[in-house]
Amino acid sequence: MSDIPGSVQRSVYDLQAQGTDPLCAYIYDLGGLRHHVSEIAQALPANCEMFYATKANPALPVLQAMAPLVHGFEVASGGELDWVRSHFPDIPVIFGGPGKLESELDNALSQRVELIHVESLLELRRLCNLADHRKKPQDILLRINLALEETPSTRLTMGGIPTPFGMEERCITEALAILSKQDWVRIRGFHFHMMSHQLDGHRHLTLIERYLDTVRTWEHQFGLTVDQINVGGGIGVNYLEPTRQFDWIDFFAGLKELLERYHDRPWRIRFECGRALTAACGYYAAEVLDIKSCGNEWFAICRGGTHHFRTPAAQAHDHPFRILSNVDDSNDVPRLVDEPVTLVGQLCTPKDVFARQIHVPSLSVGDLVVFQYAGAYAWNISHQEFLMHPHPRELFID
Ligand SMILES: Cc1ncc(COP(=O)(O)O)c(C=O)c1O
């Protein structure tokens with residue numbers, strides 16, 4: 001999905017034609033999303049499940065498209081839990097994330113959360129007290145930050161090094177002692193989410209093998225039998241080389257082989273992916289308002305900015321884009337031909353940059369720059385009210 005489908009292109013042009021001001025808009029290709037997620041879900045090996053991490057993009061039409069295709073939703077706050085439950089009363093939900101409030105844990109007890117991923121011993125104690133008070137059973141996973149021999153080498157690391165996420169391995173003894181003294185909270189297994197932006201399937205398999213080996217050791221060491229291992233999300237999107245994306249088929253083939261080695265264990269392996277599922281369905285289209293030079297560099301100022309589309313600033317990368325042009329050559333507007341250009345937004349900060357010094361064959365005022373892979377950690381992570389610009393149009397096409 002590195003190129004822009006015809007239906008998206010048509011929508012962008014239609015929106016531009018409808019508006020009186022230059023365009024900025026998000027377009028989500030729900031058909032493309034269904035196709036992409038179905039392919040992944042259908043290729044999952046036996047005993048594996050794919051949950052969607054709603055933090056990546058919680059927009060309702062996105063969740064509605066995903067719901068029939070994934071095994072459930074992962075939420076990371078009381079807000080996400082309420083949002084999901086109000087629209088999907090029956091979908092399996094798992095609840096993770098650090099710093100859960102007592103009110104959120106209490107809410108989770110009444111919202112049929114299948115598993116709470118417990119992040120610390122204090123959180124475990126709080127949950128046990130609440131469950132005891134309410135006389136409500138609750139299943140959990142313990143989120144463990146394993147001390148790895150080799151740190152996962154991606155740009156965003158949540159484990160294998162000191163981080164505030166999950167608990168250290170040495171806490172397991174105490175966690176089990178807490179659990180043994182109460183009747184309502186039951187451990188079903190372990191949760192690991194060590195990093196985001198993983199593009200290397202073989203490295204990811206090595207990491208998962210480490211999780212599985214470790215859980216087997218713990219089962220033996222603590223006299224436990226668990227049936228759930230959550231291996232997190234973190235599969236990446238290759239923004240810099242969009243034609244070379246994570247190879248799910250190869251990865252699942254390796255995973256199937258790996259799991260055969262643990263065929264004696266009653267484990268369900270659960271993924272909770274966000275970015276890799278929804279990034280590709282989203283497009284942020286920004287019309288070129290002005291083109292100017294400063295020193296030896298060209299700048300194109302686009303409608304909107306990183307307060308709508310924070311992904312390039314958050315990732316400190318040049319975001320991939322295509323140019324859609326319907327500006328007639330005869331129009332007397334500033335035009336670049338065969339030049340490198342920096343694409344910026346309308347904010348009064350030098351950080352408002354989408355991509356730096358990228359060579360374009362042609363770019364005119366009035367053209368539409370369409371940023372791909374804008375369907376995850378994009379609109380929902382942006383500081384939307386900065387400068388009080390109107391919000392971008394939002395279109396979900398099927
Ligand atoms: C615990 C946990 N699970 C899943 C995810 C989803 O990660 P990704 O979107 O990289 O797949 C995150 C993201 O930060 C996370 O913290």
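Residues numbered from 1 in each chain as written. Predicted model: local features only at pLDDT ≥ 70, side-chain atom pairs only at ≥ 80, totals over all residues. Heavy atoms only, no water.

Trainee: How should the site of the ligand be read in this particular structure?
Mentor: Not every one of the 15 residues close to the ligand is listed here, only the nearest: G234, E272, G274, R275 and Y377. Contact distances for the ligand include 3.1 Å between an oxygen atom and a side-chain N or O atom of S196. G274 is positioned such that a nitrogen or oxygen atom in its backbone is 2.9 Å from an oxygen atom of the ligand. The class makeup of the residues in the shell around the ligand is four nonpolar, six polar and five charged. (Near = heavy atom within 4 Å. Polar contact = N/O pair within 3.5 Å; in protein donor to acceptor, adjacent residues only side chain to side chain. Nonpolar A, V, L, I, M, F, W, Y, C, P; charged D, E, K, R; others polar.)

Trainee: Is there a simple way to think about the pairing of strand β12 (residues 268–273) in this case?
Mentor: When a strand is regular, its side chains alternate between the sheet's two faces. β12 sits mainly inside the fold: five of its six residues count as buried. Across five bridges, the pairing between strand β2 (residues 48–53) and β12 is parallel. By the bridge assignment, Y52 is partnered in β12 with C273. Direction of pairing for strand β11 (residues 228–230) relative to β12: parallel, over a ladder of three bridges. Bridge pairing links I229 to I269 in β12. (Buried < 20%, exposed > 50% of the residue type's maximum accessible area, 1.4 Å probe, protein only. Helix = DSSP H or I, 4+ residues; strand = E, 2+ residues; numbered from the N terminus. Pairing = 2+ DSSP bridges.)

Trainee: Just to check I follow, could you spell out the packing of helix α8 (residues 201–222) against helix α9 (residues 248–260) for this structure?
Mentor: The axes of two packed helices give the description: the angle between them and the distance between them. Contact geometry for α8 and α9: axes closest at 10 Å, N-to-C directions at 25 degrees. In terms of their interaxial angle, α8 and α9 are classed as roughly parallel. Note that α8 runs across α9; the crossing there is right-handed. Listed contacts from α9 to G201, H202, H204, L205, I208, E209 and L212 of α8 are D250, F251, G254, L255, L258 and L259. Residues of the contact of α8 with α9, tallied by class, amount to seven nonpolar, four polar and two charged. (Axes fitted to C-alpha atoms, helices over the stretch in contact; angles between N-to-C directions. Parallel < 35°, antiparallel > 145°, perpendicular 65-115°, else oblique. Left-handed = near helix turned anticlockwise from the far one by under 90°. Contact = heavy atoms within 4.5 Å.)

Trainee: It is not clear to me how the domain arrangement of the protein should be interpreted in this structure. Could you clarify?
Mentor: When the parts of a complex come together, some accessible area is lost, and that lost area is often taken as the interface size. When the domains of the protein are assigned, the result is domain 1 (6–28 + 281–397) and domain 2 (92–273). Using only C-alpha atoms to locate each centre, domain 1 and domain 2 end up separated by 38 Å. Between domain 1 and domain 2, the residue contacts involve seven residues of the former and seven residues of the latter. For the pair domain 1 and domain 2, the summed buried surface comes to about 620 Å²; carbon and sulfur atoms form 61% of the total. If you sort the residues of domain 1 by the area they bury against domain 2, Q315, H317 and Y373 come out on top, with a joint share of 71%. (Domains from an automatic or database assignment. Buried area = accessible area lost by both parts, 1.4 Å probe.)

Trainee: Looking at this structure, I do not really get the environment of D213. What am I missing?
Mentor: With respect to the helices and strands, the residue D213 is situated in helix α8. For D213, a relative accessible area of 33% corresponds to the partly exposed category. Distance from D213 to Y262, taken between C-alpha atoms, is 9.1 Å for residues 49 residues apart in sequence.

Trainee: I tried to follow helix α4 (residues 78–87) on my own but got confused; where do I start?
Mentor: The periodicity of an α-helix, 3.6 residues per turn, causes residues three or four positions apart to be oriented the same way. Taken as a whole, α4 has its buried residues at G78, E80, L81, V84 and R85. Viewed end-on, α4 has its buried residues packed into an arc of 160 degrees, placing them on one side of the element. Capping of α4 at its N-terminal end is provided by S77; its side-chain oxygen lies 3.2 Å from the backbone amide nitrogen of G79. (Arc of directions from axis to C-beta.)

Trainee: Can you walk me through α8 in this structure?
Mentor: Over its 22 residues, α8 extends 31 Å from the first C-alpha to the last, a length consistent with the 32 Å expected when each residue adds 1.5 Å. Buried within α8 are the following residues: G201, H204, L205, L207, I208, Y211, L212, T214, V215, W218 and E219. Capping the start of α8, D200 holds a side-chain oxygen 2.9 Å from the backbone nitrogen of H202, two or three residues further along. Downstream of α8 by one or two residues, G223 has phi in the positive range, about 60 degrees. (Expected span 1.5 Å × (residues − 1).)

Trainee: Explanation requested: the pattern of salt bridges in the structure shown.
Mentor: Opposite charge on two side chains allows them to pair when their charged atoms are near. As enumerated under the stated definition, the model contains 21 salt bridges in all. Across the pair R126 and E102 runs a salt bridge whose closest N-O atoms are separated by 3.6 Å. Of this pair, R126 sits in helix α6 (residues 121–134) while E102 is found in helix α5 (residues 102–110), placing the two residues 24 residues apart along the sequence. Of the residues examined, R126 reaches a relative accessible area of 30% and is grouped as partly exposed. In this structure, R270 engages E114 in a salt bridge whose closest nitrogen and oxygen atoms are separated by 2.9 Å. Of this pair, R270 sits in strand β12 while E114 sits in the loop between α5 and β5 (115–118); the two residues are 156 residues apart in sequence, bridging distant segments of the chain. Classification of E114 as partly exposed rests on a relative accessible area of 27%. One salt-bridge network, held together by shared partners, links E49, E114, R268 and R270. (Salt bridge = Lys/Arg side-chain N within 4 Å of Asp/Glu carboxyl O.)

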